[in-house]
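Breakdown of the fold
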Amino acid sequence: MTLVQAHLVCVGLIAVDLLARVWRIQWIVQGLGHRISARDAFVLNAFGDAACALTPLRIGGEPARLAGMLRSGVPPVAAFVALSIEALAAWPVVIVMAGWLMWAYAPAWWSTVGPRLGTAAEHAWPWVLLVGVVSVLAWSYTRRLTSPLGRQLRRPVRRALVYWRRMPRWPLIASIPLSALNVASRVAILPVLALAIPEPPALGPMLIGSFALLYSQLLLPTPSGAGAVELGFLGGAAGDLGEHQGWLLLAWRMYTNGIGVVLGIWLAAQIYGWPALRRLVRRGADLSEPASG
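As a convention, each chain's residues are numbered from 1 in the sequence order in which they are written. Local features in a predicted model are, by the rule used here, given only for residues with pLDDT of at least 70; side-chain atom pairs are given and counted only at 80 or more, and totals for whole chains, interfaces and linings are based on all residues. Just so you know, side-chain values use all the structure's heavy atoms and leave hydrogens and water out.

Let's talk about the side chain of Ser210
Secondary structure counts use DSSP, requiring at least four H or I residues in a row for a helix and at least two E residues in a row for a strand, with both numbered from the N terminus. By the element assignment, Ser210 lies in helix α8 (residues 203-215). By definition in these notes, contact holds between two residues if any of their heavy atoms fall within 4.5 Å. Excluding its chain neighbours within four sequence positions, the residues that come into contact with Ser210 are Arg186, Val187, Leu190 and Pro191.

Digging into the pattern of salt bridges
Put simply, a salt bridge is a Lys or Arg side-chain nitrogen that is within 4 Å of an Asp or Glu carboxyl oxygen. For the structure shown, the criterion picks out eight salt bridges. Among the salt bridges present, the one from Arg24 reaches Glu86, with a minimum N-O distance of 3.1 Å. With Arg24 in helix α1 (residues 3-31) and Glu86 in helix α4 (residues 76-123), this pair connects stretches of sequence that are 62 residues apart. Exposure class is identical for Arg24 and Glu86. Each is buried. To sort residues, take the accessible area from a 1.4 Å probe on protein chains only and compare it with the maximum for the residue type: under 20% means buried, over 50% means exposed, and anything in between is partly exposed.

Focus: the nonpolar core
What makes a nonpolar core is a set of buried Ala, Val, Leu, Ile, Met, Phe, Trp, Tyr and Cys residues whose side-chain atoms join them at distances within 4.5 Å. Judged by nonpolar contacts, the single largest core of 38 residues is most densely connected at Ile189, Leu193, Phe211, Leu213, Phe233 and Trp252. Non-local contacts of Phe211, meaning those with residues more than four positions away in its chain, are made with Val94, Ala98, Leu101, Val183 and Val187. Core analysis: the next-biggest nonpolar cluster, separate from the first, contains 18 residues, Ile28, Ile36, Val77 and Val81 among them.

Notes on the environment of Ser224
Examined against the element boundaries, Ser224 turns out to sit in the loop between α8 and α9 (228-234). Judged by relative accessible area, Ser224 falls into the buried class, the value being 8%. Note: C-alpha distance between Ser224 and Ala53 (171 residues apart in sequence) is 4.9 Å. In the analysis that follows, any N or O atom pair within 3.5 Å is treated as a polar contact, provided that within protein one partner can donate a hydrogen and the other can accept it, and provided that, for residues neighboring in sequence, both atoms belong to side chains. Among the polar contacts made by the side chain of Ser224, one reaches the main-chain carbonyl oxygen of Ala53 at a distance of 2.8 Å.

A word on helix α10 (residues 245-272)
In this scheme, a helix's expected span is set at 1.5 Å multiplied by one less than its residue total. If you check α10, its first and last C-alpha atoms are 38 Å apart, about what 28 residues at 1.5 Å a residue would give, namely 40 Å. Its axis deflected by about 45° at Met254, α10 carries its strongest bend there. Gly273 sits one or two positions beyond α10 and adopts a positive phi of about 95°. The term bend refers to the angle at a residue between two fitted axes, each drawn through seven residues, those ending there and those starting there.

As for the packing of helix α2 (residues 38-54) against α10
At a closest axis distance of 7 Å, the pairing of α2 and α10 adopts a crossing angle of 120°. Taken as axis vectors, α2 and α10 run oblique relative to one another. Between α2 and α10 lies a crossing of left-handed hand. Contacts between α2 and α10 involve Phe42, Val43, Ala46, Phe47, Asp49, Ala50, Ala53 and Leu54 on the former and, on the latter, Asn257, Gly260, Val261, Leu263, Gly264, Ile265, Leu267, Ala268, Ile271 and Tyr272. In the scheme used here, Gly and all other residues not listed as nonpolar or charged are polar, with Ala, Val, Leu, Ile, Met, Phe, Trp, Tyr, Cys and Pro taken as nonpolar and Asp, Glu, Lys and Arg as charged. When grouped by side-chain class, the residues that make up the contact of α2 with α10 number 14 nonpolar, three polar and one charged. Interaxial angles span 0 to 180 degrees and are taken between N-to-C directions of axes, which are lines fitted to C-alpha atoms, for helices over the stretch in contact. Working definition: roughly parallel below 35 degrees, roughly antiparallel above 145 degrees, roughly perpendicular at 65 to 115 degrees, and oblique for all remaining angles. Two helices that cross are described as forming a left-handed crossing if the nearer one is turned anticlockwise from the farther one by less than a right angle, and a right-handed crossing if clockwise.

A look at a nonpolar patch on the surface
Together, Met1, Val9 and Leu195 line one region of the surface with nonpolar side chains, adding up to about 240 Å² of accessible area. Mapping Met1 onto the fold places it in the segment before α1. Judged by its relative accessible area of 44%, Met1 falls in the partly exposed class. Patch definition: residues above 30% relative accessible area lacking any salt bridge, with like charges linked at up to 9 Å and the nonpolar side chains Val, Leu, Ile, Met, Phe, Trp and Tyr linked at up to 5 Å. Calculation of accessible area relied on Shrake-Rupley with a 1.4 Å probe; when residues are assessed, cover is drawn exclusively from the protein chains displayed.

Digging into the packing of aromatic side chains
Any pair of Phe, Tyr and Trp rings, taking the six-membered ring for Trp, is counted once the centres come within 6.5 Å. Such a pair is stacked with planes under 30 degrees apart, edge-to-face with planes over 60 apart, and tilted for the rest. Under the counting rule described, the total for this entry stands at five aromatic pairs. On the basis of an interplanar angle of 90° and a centroid distance of 5.8 Å, the ring pair of Trp100 and Tyr105 is categorised as edge-to-face. With relative accessibility at 24%, the residue Tyr105 sits in the partly exposed group. Relative to Trp252, the ring of Phe233 has its centre 5.7 Å away and its plane inclined at 35°; by these criteria the two rings are tilted. Residue Phe233 is located in helix α9, and its partner Trp252 is located in helix α10; the two are separated by 19 residues in the primary sequence. For Phe233, a relative accessible area of 2% translates into the label buried.

Geometry only, nothing functional implied.
In C-alpha cells form, the structure reads like this:
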C-alpha cells in the first residue's frame, strides 16, 4: 500500500466512525421519543471528541456532548439517559472485542513486544515515575471535582428511570454493530498506516498495540494520554516500526485525536463564537486553581 492509499483509507475509516456514532445516538434518542438531526448528532459528537482530547481523564467529554444535545432541543433528562444508554451499550462491545484480541493475539504480542517495552521502560524510568505521580494527583483532583456533581445528579437519575422503563429494546440492539464499527475503524488506523512502510510488524500484535494505545487514554491522567501514550508507541507497543515510527506517531495522533479536536473547536466557534470559547477557557482555568484560605 502506498502512503497516499493509506491516508485515503484512514480518511474513510474516520468517516465510518463518525457516521456510526451519528446513527447510534440518533436511534437512541429516537427510542426515547425525541428527534435529533444528523447534523446536530455530528456536532455533539464533535464537541465530545474535542473535550475528551483536551481534558484530563477525558472528564470534559460527556458534559460537552450533553451541552450539544441540549442545544438540539432534547430535554435534559432524556439527553442524560441517552448518553447513559449509549455508554452502557458500547462498553460490552469494547470488552468483548478486547477479549477476542487478547485470546487471539496476546501470546504473540507479548513475545514480540514485551521485551521491547521492558527495555524502553527501563531506560525511560524517570518519565514512567512522573506519569505515575501525575496519575495519582489527577485521580485525586477528579474525585474532588466530580463528587459534588454526583450529589446533584441523584434527583435527575431518579427521574431518568421513567425513560428507562419506556425505552424500547431496538435502539440497544441496533447500537451493537454500530459500536463494533466505531471500535474496529479506530483500531484499524494504525495497522493501515503501518502498511505504507517497507516492513510492517505482524498484524495481530499490532492490532493489540493499537487497541491498547487507544483505550489506555481512558485511564491516563493527561489529555489524550499525552506523554504515556507516546512512550508506549515509541517503546514498541505496536511492534517494531523502525525509523518510520516518528511520522507514524504523528499521523496516528492526527487521525485519532487531531481531527476531532479541530472539528470540535471549529464547530463550537461557529456556533457560539470565539469570545464564548475564551470565556469558557478562562472559567476552566479559574476552577482549576486551588481555593485560597
